[in-house]
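Close look at the chain arrangement
Next come the chains, spelled out residue by residue.
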Amino acid sequence: MLDPLKIGVAGLGSVGAGVVKLLHGQSELLERRCGRVLAVTAVSARDRQRNRGVDLFGIRWFVDPRELAADDEVDVVVELIGGSDGVALDVVESAIAANKSVVTANKAMMAIHGTRLARQAEQAGVGLAYEAAVAGGIPIVKALREGLAGNRINRVYGILNGTCNYILTAMEETGREFDEVLAEAQVLGYAEADPGFDVDGIDAAHKLALLTSLAFGRPVEFDSVFIEGIRDIGTVDIEYARELGFRIKLLAIARATESGVEQRVHPCLVSRDTLIAHVQGVFNAVVAEGDFVGRTVYEGRGAGEKPTASAVVADLIDLARGGNLPAFGVPTASLEATPAVPMEDHVGAYYVRLMVVDKPGVMADVAAILRDENVSLESVLQRGRDPGEVVPVILTTHVTVEAGMRKALREIAGLELVVEPPLMIRMEQL
Ligand code: HSE
């Protein structure tokens, strides 16, 4: 029997407590699977008095997680502190410098410092594992790095933020607007007090940056992810999308094109016939398309104590079994900085909501501008008539280049009878 794997857990919030519960509660199963004991030898958190529902008796306690990272009784540091920089980054760098493997759930840190940390871990000969950082309990890092490793990946996309998916689902089901549903999500604990990371698409973009590196073997490049959140979506859009046969989802999409790799997070109209359209509430889903395997789909809980602990412990099991794969599927020296395709070059179809004064001629002006930018209309929808009043008019276009679309919408916004900036939502062919 191998020596026990000595685990230090830095951060004892709900996920940290969940990891300890899983390691204790399923210790026999894990020992059988790993051929050795997975022992929590140290933990770090500020408040020692708080009842976390776990038995921490006999486990070394550190107030400063940096000391835990340097402790001789720790082989692997589990970083569950969060935040892209500061203490979390110090802990991870100290652990690697002390030749300890790291397991982290920290998407922000990995999205910003991932390539450098992976290089440091490689040089130290230790593991850097982050299954829990992307889509919580869904084992998508493992799927891309191992299960699909024989494929060229053409596209990987998904619903990577449960908060946004919950809000969009609730708006559709209840007919209530974004602000009201967000407030409710905050009360229920599905959204943070500062919801910006979630609803503005940043959290999904962090996760997408990691998936892109895994799928396409490039350095992690968070800065080149195009990001648009869901704040501007109205129930009117959800209703019109339904009428047209679509649902609105915040998707994170990475795609290989002839000019490079697209990375984008934005609301999309997706056909109700697709699997992703049926992923509702707080659930996450990822679709990975490979050249040999075709389409593969993964769905599950993207957050929460137990699903995230499940992912963290999967990484610990790999390390306990002696596995140490390159963080992004290839050694960092082999990551290729293929070009990032700017969003202006994106080619796709668009849904546009205009708020216009219901007067003859307004649509003729709109159509002329679209014609001049070579944008071809697929449909125009106006429900009822309200002469002289403001009404929504919904346009959908054929496939066109985004730069032209944006230019047309800037001009349309300047028309006297268009009373609000047009809302544009991309229609995604899945
Ligand atoms: N806040 C995230 C979500 C979970 O709503 O999906 C953690 O990344």
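Note that the structure is predicted; figures quoted are calculated from it, not measured. (Residues numbered from 1 in each chain as written. Predicted model: local features only at pLDDT ≥ 70, side-chain atom pairs only at ≥ 80, totals over all residues. Heavy atoms only, no water.)

**Considerations on the overall build of the protein**
Counted only if it meets this: Only DSSP runs of H or I covering at least 4 residues are called helices, and only runs of E covering at least 2 are called strands; the numbering of each starts at the N terminus. Based on C-alpha atoms, the radius of gyration is set beside the globule rule, defined as 2.2 Å times the residue count to the power 0.38. Throughout, a residue-residue contact means that at least one pair of heavy atoms, one from each residue, lies within 4.5 Å. Computed with a 1.4 Å probe, the accessible areas rest on the Shrake-Rupley method; for each residue, only the protein chains presented here act as cover. Positive: Lys, Arg. Negative: Asp, Glu. His and the chain ends are not part of the count. A charged residue contributes its charge at one atom only: NZ of Lys, CZ of Arg, CG of Asp or CD of Glu.
On a plain count of helices and strands, the protein comes out with 14 helices and 17 strands. Against the compact-globule benchmark of 22 Å for 430 residues, the protein has a radius of gyration of 24 Å, which places it among compact chains. With the principal axes as the frame, the protein shows a C-alpha extent of 80 × 45 × 35 Å. Long-range contacts, defined here as pairs at least 24 residues apart, represent 74% of the contacts in the protein between residues at least 6 apart. Approximately 18500 Å² of the protein is accessible, and the part contributed by carbon and sulfur atoms is 49%. If you average the places of the 42 positive and of the 60 negative side-chain charges in the protein, the two averages end up 4 Å apart.

**A closer look at the site of the ligand**
Going by this rule: Near, as used in this document, describes a residue that has one of its heavy atoms within 4 Å of the molecule or strand being considered. Counting of polar contacts relies on pairs of N or O atoms within 3.5 Å, with two restrictions inside protein: one atom must be capable of donating a hydrogen and the other of accepting it, and residues adjacent in sequence are counted only when both atoms are side-chain atoms.
With respect to spatial proximity, the complete set of residues near the ligand consists of K107, N161, G162, T163, D198, D203, K207 and A303. The side chain of D198 places a nitrogen or oxygen atom 2.9 Å from a nitrogen atom of the ligand. Measuring from an oxygen atom of the ligand, one finds a side-chain N or O atom of D203 at 3.0 Å. For the ligand, whose free accessible area comes to 260 Å², the fraction covered by protein is 82%. Those elements that provide at least two residues to the shell around the ligand are α7 (162-174) and α10 (202-216).

**Points about the packing of helix α5 (residues 107-124) against α10**
Filter applied, for reference: Every axis in this analysis is a line fitted to C-alpha atoms, fitted for helices over the stretch in contact. Angles between the N-to-C directions lie between 0 and 180 degrees. When describing relative orientation, an angle under 35 degrees is termed roughly parallel and one over 145 degrees roughly antiparallel, while 65 to 115 degrees is termed roughly perpendicular and anything else oblique. By convention, the crossing between two helices is left-handed when the near helix turns anticlockwise from the far helix through less than a right angle, and right-handed when the turn is clockwise. The classification used treats Ala, Val, Leu, Ile, Met, Phe, Trp, Tyr, Cys and Pro as nonpolar, Asp, Glu, Lys and Arg as charged, and all other residues, Gly among them, as polar.
Look at α5 against α10: their axes get within 8 Å of each other, and the N-to-C directions meet at 50 degrees. What the angle tells us is that α5 and α10 run oblique. The handedness of the crossing between α5 and α10 comes out as left-handed. On the side of α5, the interface is formed by K107, A108, M110, A111 and I112, while α10 contributes D203, H206, K207, A209 and L210. Looking at the contact of α5 with α10 residue by residue, the classes come out as six nonpolar, one polar and three charged.

**Some points on the nonpolar core**
The cut-off we apply is this: Nine residue types can take part in a nonpolar core, namely buried Ala, Val, Leu, Ile, Met, Phe, Trp, Tyr and Cys, and a core is a set of them joined through side-chain atoms within 4.5 Å. Three labels apply to residues, based on accessible area from a 1.4 Å probe with only protein chains included: buried if under 20% of the type maximum, exposed if over 50%, partly exposed otherwise in between.
Y130, I140, L144, V156, I167, I230 and F328 are the most contacted members of the largest nonpolar core, which has 84 residues in total. Of the residues forming this core, the biggest block, nine residues, is contributed by α10. Setting aside its immediate chain neighbours within four residues, L144 contacts A149, I153, V156, L211, L214, A215 and A288. One finds V40, V103, A132 and V313 within the second-largest nonpolar core, a separate group that totals 34 residues.

**What to know about the state of the cysteines**
Put simply, the test is: When the sulfur atoms of two cysteines come within 2.5 Å, that pair is taken as a disulfide.
One pass over the structure, following the stated rule, counts zero disulfides. Unpaired in terms of disulfides, C268 finds its nearest cysteine sulfur in C164, a separation of 12 Å.

**A word on unusual backbone geometry**
A positive phi angle, near 60 degrees, is found at N99, a position not held by glycine. Its identity is not glycine, yet N374 carries a phi of approximately 65 degrees, on the positive side. In this structure, N374 sits in the loop between α13 (362-372) and β14 (377-381). The class of N374 is exposed, set by a relative accessible area of 67%.

**Some points on the domain arrangement of the protein**
The condition that has to hold: Each domain's extent is set by a domain assignment, obtained either automatically or from a database. Buried area is calculated as the accessible area (1.4 Å probe) missing from two parts once they are joined, with the contributions of both summed. When a carboxyl oxygen of Asp or Glu is within 4 Å of a side-chain nitrogen of Lys or Arg, the pair counts as a salt bridge.
Per the domain assignment, the segments making up the protein are domain 1 (5-133), domain 2 (146-301) and domain 3 (345-427). At the interface, 18 residues of domain 2 touch 15 residues of domain 3. Here domain 2 packs against domain 3, burying approximately 1400 Å² in sum over the two surfaces, 62% of which is carbon and sulfur. Where domain 2 packs against domain 3, one counts two salt bridges.

**Some words on the sheet that holds strand β1 (residues 5-10)**
The following threshold applies: The pairing criterion is simple: DSSP has to find at least two bridges between the two strands.
Pairing is parallel in the open sheet, where six strands are placed in the order β3-β2-β1-β4-β5-β6. Both outer strands of the open sheet, β3 (60-62) and β6 (128-129), are each paired with one neighbouring strand and no more. Note that strand β4 (residues 76-79) and strand β5 (residues 101-104) share four bridges and pair parallel. Residue pairing for β5: V77 is matched across the bridge by V102.

**Quick notes on the pattern of salt bridges**
The full count for this structure, using the stated rule, is 31 salt bridges. A salt bridge links R272 to E172, with the nearest nitrogen and oxygen atoms 3.6 Å apart. One end of the pair, R272, is in the loop between β10 (260-271) and β11 (283-290); the other, E172, is in helix α7, and 100 residues separate them in sequence. For R272, a relative accessible area of 25% gives the class partly exposed. A salt bridge links R353 to E420; the shortest N-O distance between them is 4.0 Å. Placement of the pair is R353 in strand β13 (residues 347-357) and E420 in the loop between α14 (402-413) and β17 (423-427), with a sequence separation of 67 residues. Residue E420 is classed as partly exposed on the basis of its relative accessible area of 37%. Here the residues in one salt-bridge network are E228, E344, E402, R406 and R426, joined through shared partners.

**Quick look at the side chain of D203**
Mapped onto the secondary structure, D203 falls in helix α10. In terms of polar contacts, D203 uses its side chain to reach the side chain of N161, at 2.8 Å. With residues up to four places along the chain from it excluded, the contact list for D203 reads K107, L160, N161, F197 and D198.

**Here we look at a nonpolar patch on the surface**
To keep things clear, this is the line we draw: Any residue with relative accessible area above 30% and no salt bridge may belong to a patch, with like charges joined within 9 Å and the nonpolar Val, Leu, Ile, Met, Phe, Trp and Tyr side chains within 5 Å.
Judged by side-chain polarity, V347, V399 and V401 come together as a nonpolar surface patch covering roughly 250 Å² of accessible area. Structurally, the position occupied by V401 is in strand β16 (residues 400-401). In this structure V401 comes out as partly exposed when scored by relative accessible area, which is 41%.

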